[in-house]
Amino acid sequence: MTTGEPLIVLDGVNKWFGPLHVLDDVSLSVGKGEVVVVIGPSGSGKSTLCRAINRLEPINSGTITFDGRPLPAEGRELAKLRSEVGMVFQSFNLFAHKTILENVTLGPVKVRKEKPAAARERGLALLDRVGIANQADKYPAQLSGGQQQRAAIARALAMQPKAMLFDEPTSALDPEMVGEVLDVMTSLASEGMTMVVVTHEMGFARHAANRVIFMADGKLVEDASPTEFFANPRSERARDFLSKILTH
Ligand SMILES: Nc1ncnc2c1ncn2[C@@H]1O[C@H](COP(=O)(O)OP(=O)(O)OP(=O)(O)O)[C@@H](O)[C@H]1O
Ligand SMILES: [Mg+2]
């Protein structure tokens, strides 16, 4: 599915939080249509990497380009970047006092200036696509975690993003709801969405990813195909990490 044409490119990216070197000379290119799974121990910089890509986190040195252009620092261009790079977090972050459909149509109407009726129609189609069309008029608290996370995915998709970032989207879910969210992500991947996914779901990494990135101490330690990575991790850190998570 990937065309090879780069969409997200990080080149020599460094980020410090005070004395802590959280992203250490990270270079990475994600092609259009590519699905990259990011794994690594807690504190290795995975969330910071995701947040840097849509500039929720500024970097100290190096460059990040999205679709051929350096990330804008502010203003309308930054708002445009944020709509082009959808982000889904561990906590669902839905607006509690808006219905599920309103959550999905708000961005398109306010930011993309879509007509409410058109946004509503597309919103309903997106909710249908993630399997929760029948929840459209409920409020977030009335939905299960898995349904809320699927609503969060629909909300990001409503902005017609060029890429989607997922930061541990299933970690806060009860086990029986993990599958329904991974199914939506798998179908997005197979439809050609460019995705960067931080996850401990190794089944998803094996079956849906084009590449697996292993991070440790802010460094990108391995970058390999899932088959290569799981069969033959090159670094001691990755072998150690895999032995820990795969025995759970
Ligand atoms: N706003 C912040 N201020 C200071 N330090 C921070 C901040 N955000 C993250 N850090 C630190 O930066 C390091 C990398 O954090 P990050 O959240 O990117 O790791 P992670 O790989 O996503 O970890 P986890 O698997 O626990 O989510 C950690 O040591 C963390 O404590
Ligand atoms: Mg994290």
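These numbers were taken from a predicted model, which means no experiment stands behind them.

Note on placement: Val35 falls in strand β3 (residues 35–39). Relative accessible area serves as the criterion here: at 1%, Val35 is assigned to the buried category. Not counting chain neighbours up to four residues away, the residues in contact with Val35 comprise Ala189, Met193, Met195, Phe204, Ala208, Ala209, Asn210 and Arg211.

One can describe the packing of helix α3 (residues 100–110) onto helix α4 (residues 116–129) by two numbers: an axis separation of 9 Å at closest approach and a directional angle of 130°. By the angle between their directions, the pair α3 and α4 is classed as oblique. Handedness of the crossing formed by α3 with α4: right-handed. Across the interface between the two elements, Ile100, Leu101, Val104, Thr105, Pro108 and Val109 of α3 pack against Pro116, Ala119, Arg120, Arg122, Gly123, Leu124 and Leu127 of α4. Of the residues belonging to the contact of α3 with α4, the class tally is nine nonpolar, two polar and two charged.

Every buried residue of α3 is accounted for by Ile100, Leu101, Asn103, Val104, Thr105 and Pro108. Against α4 and α5 (145–157) lie the buried residues of α3.

Within this numbering scheme, the UniProt entry marks residues 8–242 as carrying the feature "domain: ABC transporter" (unreviewed entry). Here residues 8–242 runs as 39% helix and 26% strand, with 27 Å between its end C-alpha atoms.

Let's shift gears to the site of ligand 1. Surrounding ligand 1, one finds Phe17, Leu20, Val22, Pro41, Ser42, Gly43, Ser44, Gly45, Lys46, Ser47, Thr48 and Glu168. Between Thr48 and ligand 1, the recorded distance is 2.5 Å, taken from a side-chain N or O atom to an oxygen atom. With the chains in place, 57% of the 630 Å² that ligand 1 exposes on its own is no longer accessible. If you list the elements that add at least two residues to the shell around ligand 1, you get β2 (20–31) and α1 (46–53). Per-element accounting of the shell around ligand 1 gives the leading share, three residues, to α1. The residue makeup of the shell around ligand 1, split by class, is four nonpolar, six polar and two charged.

Looking now at the side chain of Lys46. Relative to the assigned elements, Lys46 resides in helix α1. Buried charge without a partner: Lys46 forms no salt bridge, and the closest opposite charge is Glu168, 4.6 Å away. A polar contact is formed between the side chain of Lys46 and the backbone oxygen of Pro41, at a distance of 3.0 Å. Setting aside its immediate chain neighbours within four residues, Lys46 contacts Val38, Ile39, Gly40, Pro41, Glu168, Val198 and Met215.

Reading across the sheet, the six strands line up as β6-β7-β8-β3-β9-β10 and stay open at both edges, with mixed pairing between neighbours. Looking at the sheet topology across the chains shown, the edges are occupied by β6 (85–88) and β10 (219–224). Shown here is a sheet whose adjacent strand axes are inclined to one another by a mean of 20°, direction ignored. The strands touched by helix α2 (residues 75–84) within the sheet are β6 and β7 (163–167), with β6 carrying the most contacts at an inclination of about 60°. Sitting on the sheet, α5 touches β6 and β7, and the angle it makes with β6 is about 170°.

Time to look at the packing of aromatic side chains. Enumeration over the complete set of coordinates arrives at three aromatic pairs. With a centroid separation of 5.4 Å and 75° between ring planes, the pair formed by Phe229 and Phe230 is classed as edge-to-face. Three or more aromatic residues link up through ring pairs in this structure, and these residues are Phe214, Phe229, Phe230 and Phe241. In this structure, Arg155 is placed above the aromatic ring of Phe95, and the distance from its NZ or CZ to the ring centre is 5.2 Å.

Here Ala79 lies in helix α2. Between the C-alpha atoms of Ala79 and Gly31, which are 48 residues apart in sequence, the distance is 22 Å.

Core analysis: the biggest nonpolar cluster contains 50 residues, and Ile153, Met164, Phe166, Met185, Met195, Phe204 and Phe229 have the highest contact counts within it. In terms of residue count, the dominant contributor to this core is helix α6 (residues 175–190) (eight residues). In this structure Met195 touches Glu34, Val35, Val36, Met164, Phe166, Met185, Leu188, Ala189 and Phe204, once residues within four positions along its chain are discounted. Core analysis: the second largest hydrophobic core is formed by 27 residues, Val13, Leu28, Leu49 and Ala163 among them.

Cut-off values and rules
Residues numbered from 1 in each chain as written. Chains lettered and ligands numbered in written order. Predicted model: local features only at pLDDT ≥ 70, side-chain atom pairs only at ≥ 80, totals over all residues. Heavy atoms only, no water. Helix = DSSP H or I, 4+ residues; strand = E, 2+ residues; numbered from the N terminus. Buried < 20%, exposed > 50% of the residue type's maximum accessible area, 1.4 Å probe, protein only. Contact = heavy atoms within 4.5 Å. Axes fitted to C-alpha atoms, helices over the stretch in contact; angles between N-to-C directions. Parallel < 35°, antiparallel > 145°, perpendicular 65-115°, else oblique. Left-handed = near helix turned anticlockwise from the far one by under 90°. Nonpolar A, V, L, I, M, F, W, Y, C, P; charged D, E, K, R; others polar. UniProt positions renumbered as here; feature names shortened; annotations may be inferred. Near = heavy atom within 4 Å. Polar contact = N/O pair within 3.5 Å; in protein donor to acceptor, adjacent residues only side chain to side chain. Areas by Shrake-Rupley, 256 points an atom, 1.4 Å probe, with all protein chains shown as cover. Lys, Arg positive; Asp, Glu negative; His and termini not counted. Salt bridge = Lys/Arg side-chain N within 4 Å of Asp/Glu carboxyl O. Pairing = 2+ DSSP bridges. Phe/Tyr/Trp six-rings, centres within 6.5 Å; stacked < 30°, edge-to-face > 60°. Lys NZ or Arg CZ within 6 Å of the ring centre and 35° of its normal. Core = buried A, V, L, I, M, F, W, Y, C linked by side-chain atoms within 4.5 Å.

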